[in-house]
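Survey of secondary and tertiary structure
One-letter residues, chain by chain:
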Amino acid sequence: MRYYNIPIFLPELACPYRCVYCNQFSITGKQHFVDSEDVKHIIDRHLSTFVEDERFVEVAFFGGNFTGLPESMQDKYLEAVQPYLDAGLVDGLRCSTRPDYISSQRVRTLKHYGMLNIELGAQTTDDEVLRLCGRGHTFKDIEEASAMILAENVTLGLQMMLGLPGDTFEKDMNTASDIVRLGASETRIYPCVVVKDTVLEQMYLDGRYVPLTLQEAVGQTATLLSYFDDNSVKVLRMGLHASEELDGAALVAGPYHHNFAEMVHGELWARRLNNIKEDTEHLIIKVPSAQLNHAIGWKAANKEMLQQRYKKVVFKTDDTLQNDSFVVEKKPDVVIIADARMPVEARRKLKTMGEVLWMKGGKEAYKSISGHPDIFFFCKDERNCKTVIYAPNAPSHIVQTLDKFKVSLKKGDKPVGKKYPYTALYNAVGIGDTLIHNTRYSDASLLTFGREICVNQGYTRCNLLALNDKAFITSDKGIQKKLEEYGCDVLYIAPEQIRLEGHDHGFFPGCCGLTGNKVVVCGSTKNIPEKKDLDAFLQKYGMSMVELYEGELIDVGSIFFIS
């Protein structure tokens, strides 16, 4: 159901008082006297633009003191709308008026003519502020008028203003509380502005009145909006209607802005989003589609606020969410490539460390290594890997996902084959400016480093874990000897204690992955003979160990963590 409001502005009519802030011509931007024929033309013009069949149309008499008009004039306006009500083109009426111009009899008459809603310009419920503003009525008048309207089962609206002379935000909150207590279903929140040719203008020029800043008005209105939402009072409008007069010379000072309501909604979202405390660099926030612009904020203020704490902030829509609710999805700082055949407990724990891309194995290589990441992928500088070279026959779903995550990808020259050495084309270690591999077998795409250290072992990555460019762990004596010749510190862990299905044993580095200052191991190291040496070696180089499960060490063809 689409809701339409057809506004009929009646400036200055029947208002016997001139409040200190009021120059009605400037506020409404209307000066033409409206007669009953004008009402018909206005209605016809609006109806011609409505396209939805499912709609609710209301004619609204705004801008003046409607019930202060002579009753005969009121009736002419109301009668002008009756044919549209009878034809079903208009569903009801509403009007705004003063609290001291209401009687039970008049409310009954208005209801007879189809008046569904009556809004009272309460502005404040504080008697002292009412007096200082020259309103000409008291809080008691507001109470009595509200009761008369509700007694006839007409919907009550109570409008309020912020920043009036003598006002404080505490008084405004008391007004909001009174609006709820008096039974209003609707409200409007207007910040007070200084308009030319008003008493308030002179008070401002004399220094006796200081208007709210735009930021203050937005913040206070946001608090009020939240309060009214919590108490089921519908806020119909926030901020003054735009007009040529206020856009021009009529505005002297104060919080007037075309996008005031948008700013208020953005401020409420800023308060919600500011509570996000996620340990991540990339933040994804899902919000209802109707709230997307509010969540991002006026001029993307909320997004910019979050970008002070997160490298990347993305807003997405999710219409399963209700109203102002949102969910935060943490985009993983790393994408992980791992063999899907590792134990279930290890899989579960690994999934808590990032988004895992599982390799299930295929016919490209022999079965025991067909799901090993280090057979199809080469990852440079594994502790903070950002560059990946992949075999042309690497699993396409993994390559596509890496590309989606903006990983720096390079396609290798040769596909992985079914037999050695064609299974070892990419099984190398790249650290800094050094490539360590049996370079006789290296795919040409790997041979771009400044320095190459050629070892006899073609399955180099299976056998070598680089903590840095001078510290390594290996399960191959030949690799150990070669790197020590280059002045490297190398810890040897015997391979016989490592399980690899279909083989006598695997290799310890094949159990491992590197991410930051962590060595992630598929299995427990508590029973290996080199346990003390391993712990001391890791401590020496500022590393810690994460064991994915309590069972035996399994060579899973390395675990690649990619930034």
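This one's a predicted model, so the numbers in the text were calculated from it and none came from an experiment.

What follows is about the side chain of Thr 97. Positionally, Thr 97 belongs in strand β3 (residues 92–97). Separated by 2.5 Å, the side chains of Thr 97 and Asn 65 make a polar contact.

Attention shifts here to the environment of Arg 55. Mapped onto the secondary structure, Arg 55 falls in strand β2 (residues 55–62). For Arg 55 and Arg 2, which are 53 residues apart along the polypeptide, the C-alpha to C-alpha distance reads 4.5 Å. In this view, Arg 55 contacts Met 1, Arg 2, Tyr 4, Phe 50 and Asp 91; residues no more than four positions away in its chain are not counted. Side-chain polar atoms of Arg 55 contact the backbone oxygen of Glu 52, separated by 3.1 Å.

The final tally for this structure, using the stated rule, is eleven aromatic pairs. Seen from their ring centres, Tyr 3 and Phe 56 are 6.1 Å apart, and the 15° between their planes marks the pair as stacked. Taken together, the residues span a long stretch of sequence, with Tyr 3 in strand β1 (residues 2–9) and Phe 56 in strand β2 at a distance of 53 residues. A centroid spacing of 5.6 Å and a plane angle of 80° characterise the contact between Tyr 420 and Tyr 441, whose relative ring orientation is edge-to-face. Of this pair, Tyr 420 sits in the loop between β17 (408–411) and β18 (429–431) while Tyr 441 sits in the loop between β19 (434–437) and β20 (451–454), placing them 21 residues apart in sequence. An aromatic cluster is defined as three or more aromatic residues linked by ring pairs; in this entry it consists of Phe 61, Phe 66 and Tyr 77. Here the guanidinium or amino end of Lys 234 rests over the ring plane of Tyr 3, the centre of that ring lying 6.0 Å away. It is Arg 272 that lies over the ring of Trp 269; its NZ or CZ is 4.7 Å from the centre.

Further remarks concern the packing of helix α2 (residues 36–47) against helix α3 (residues 71–86). For the pair α2 and α3, interaxial distance at closest approach is 8 Å and the crossing angle is 35°. When you trace α2 past α3, the crossing you get is right-handed. From α2, Ser 36, Val 39, Lys 40, Ile 43, Asp 44 and Leu 47 reach across to α3, where they touch Lys 76, Tyr 77, Ala 80, Val 81 and Tyr 84. Class assignment of the residues belonging to the contact of α2 with α3 gives a composition of seven nonpolar, one polar and three charged.

Per the stated rule, a full pass over the model turns up zero disulfides. Cys 488 forms no disulfide, and the closest cysteine sulfur to it belongs to Cys 454, at a distance of 15 Å. Since its relative accessible area comes to 10%, Cys 488 is described here as buried.

So, on to the confidence of the model for the protein chain. Per-chain confidence: the protein chain averages 93 in pLDDT, with 97% of residues scoring 70 or above. Note on residues 26–30: pLDDT under 50 across the span, and 22 contacts to partners over four residues away in sequence or across chains.

Quick look at the pattern of salt bridges now. For the structure on display, the rule yields 26 salt bridges. Residue Glu 58 is joined to Arg 94 by a salt bridge in which the shortest nitrogen-to-oxygen separation is 2.7 Å. On the criterion of sequence distance, the pair formed by Glu 58 in strand β2 and Arg 94 in strand β3 is long-range, its members being 36 residues apart. When the shortest N-O distance is used, the salt bridge between Asp 489 and Lys 540 registers 2.8 Å. Linking Asp 489 in strand β23 (residues 489–492) with Lys 540 in helix α19 (residues 531–540), this pair joins segments that are 51 residues apart in sequence.

If you trace the three strands from one edge of the open sheet to the other, you get β21-β22-β23, paired in mixed fashion. The sheet is open, and its two borders are formed by β21 (464–466) and β23, each paired with just one other strand. Put simply, the sheet's adjacent strands are angled 20° from each other on average, direction ignored. Pairing analysis gives four bridges linking strand β22 (residues 471–474) to β23, with the strands arranged parallel.

Right, let's get into the nonpolar core. Formed by 60 residues in total, the largest nonpolar core has its most connected members in Phe 61, Phe 66 and Ile 118. If sequence neighbours within four positions are ignored, Phe 66 has contacts with Leu 10, Phe 61, Gln 74, Tyr 77, Leu 78, Cys 95, Ser 96, Thr 97, Leu 110 and Met 115.

With respect to topology, six strands assemble into an open sheet ordered β14-β13-β27-β24-β25-β26, the strand pairing being mixed. Two strands in the sheet have a free side with no partner beyond their single neighbour: β14 (355–359) and β26 (544–547). Across this sheet, the average inter-strand angle for adjacent strands is 20°, counted without regard to direction. As judged from the three bridges shared by strand β13 (residues 335–339) and strand β27 (residues 559–562), these two strands associate in the antiparallel manner. Paired with Ile 337 across the strands is Phe 560, a residue of β27. Of the strands in this sheet, β13, β14, β26 and β27 touch helix α14 (residues 344–351), which is tilted by about 145° from β14. Contacts from α19 reach β25 (518–521) and β26 within the one sheet, and its direction differs from that of β26 by about 125°.

This brings us to unusual backbone geometry. Only a minority of non-glycine residues have a phi that is not negative, and only a minority of peptide bonds are not trans. With an omega of 10°, the peptide bond between Tyr 420 and Pro 421 qualifies as cis. Despite not being glycine, Ala 300 has its phi angle at roughly 60°, a positive value. Structurally, Ala 300 is set in the loop between α12 (292–296) and α13 (301–307). The exposure class of Ala 300 is partly exposed, given its relative accessible area of 25%. Positive phi, normally seen in glycine, also occurs at Asn 323, with a value near 50°. The class for Asn 323 is exposed, based on a relative accessible area of 60%.

Criteria and cut-off values
- Throughout this document, residue positions are counted from 1 along each chain, in the order its sequence is written.
- Two thresholds apply to this predicted model, a pLDDT of at least 70 for residue-level local features and 80 or more for giving and counting side-chain atom pairs, whereas whole-chain, interface and lining totals are computed over all residues.
- Side-chain metrics rest on all non-hydrogen atoms present in the structure, leaving aside hydrogens and water.
- Runs of H or I in DSSP of at least four residues are treated as helices and runs of E of at least two as strands, each being numbered from the N terminus.
- Pairs of N or O atoms are called polar contacts if they sit within 3.5 Å, as long as, within protein, a hydrogen donor faces a hydrogen acceptor (for residues adjacent in sequence, only side-chain-to-side-chain pairs).
- By the convention used here, residues are in contact when the closest approach between their heavy atoms is within 4.5 Å.
- Here is the rule: rings of Phe, Tyr and Trp (six-membered ring for Trp) pair when centre to centre is within 6.5 Å. Planes less than 30 degrees apart are stacked, more than 60 are edge-to-face, and the remainder are tilted.
- Criterion for a charge above a ring: Arg CZ or Lys NZ at most 6 Å from the ring centre, at most 35 degrees from the ring normal.
- Every axis in this analysis is a line fitted to C-alpha atoms, fitted for helices over the stretch in contact. Angles between the N-to-C directions lie between 0 and 180 degrees.
- A crossing counts as left-handed when the near helix is turned anticlockwise from the far one by less than a right angle, and as right-handed when that turn is clockwise.
- Under the scheme applied here, ten amino acids are nonpolar (Ala, Val, Leu, Ile, Met, Phe, Trp, Tyr, Cys and Pro), four are charged (Asp, Glu, Lys and Arg), and all others, including Gly, are polar.
- Count a disulfide wherever a pair of cysteine sulfur atoms falls within 2.5 Å.
- For each residue, the accessible area found with a 1.4 Å probe, counting protein chains only, is set against the maximum for its type, and the residue is called buried under 20%, exposed over 50%, and partly exposed in between.
- Looking at any residue, its pLDDT shows the predictor's confidence there, from 0 to 100.
- For this document, the term salt bridge refers to a Lys or Arg side-chain nitrogen within 4 Å of an Asp or Glu carboxyl oxygen.
- Whether two strands pair comes down to DSSP finding at least two bridges between them.
- Note on terminology: a nonpolar core comprises buried Ala, Val, Leu, Ile, Met, Phe, Trp, Tyr and Cys residues joined through side-chain atoms within 4.5 Å.

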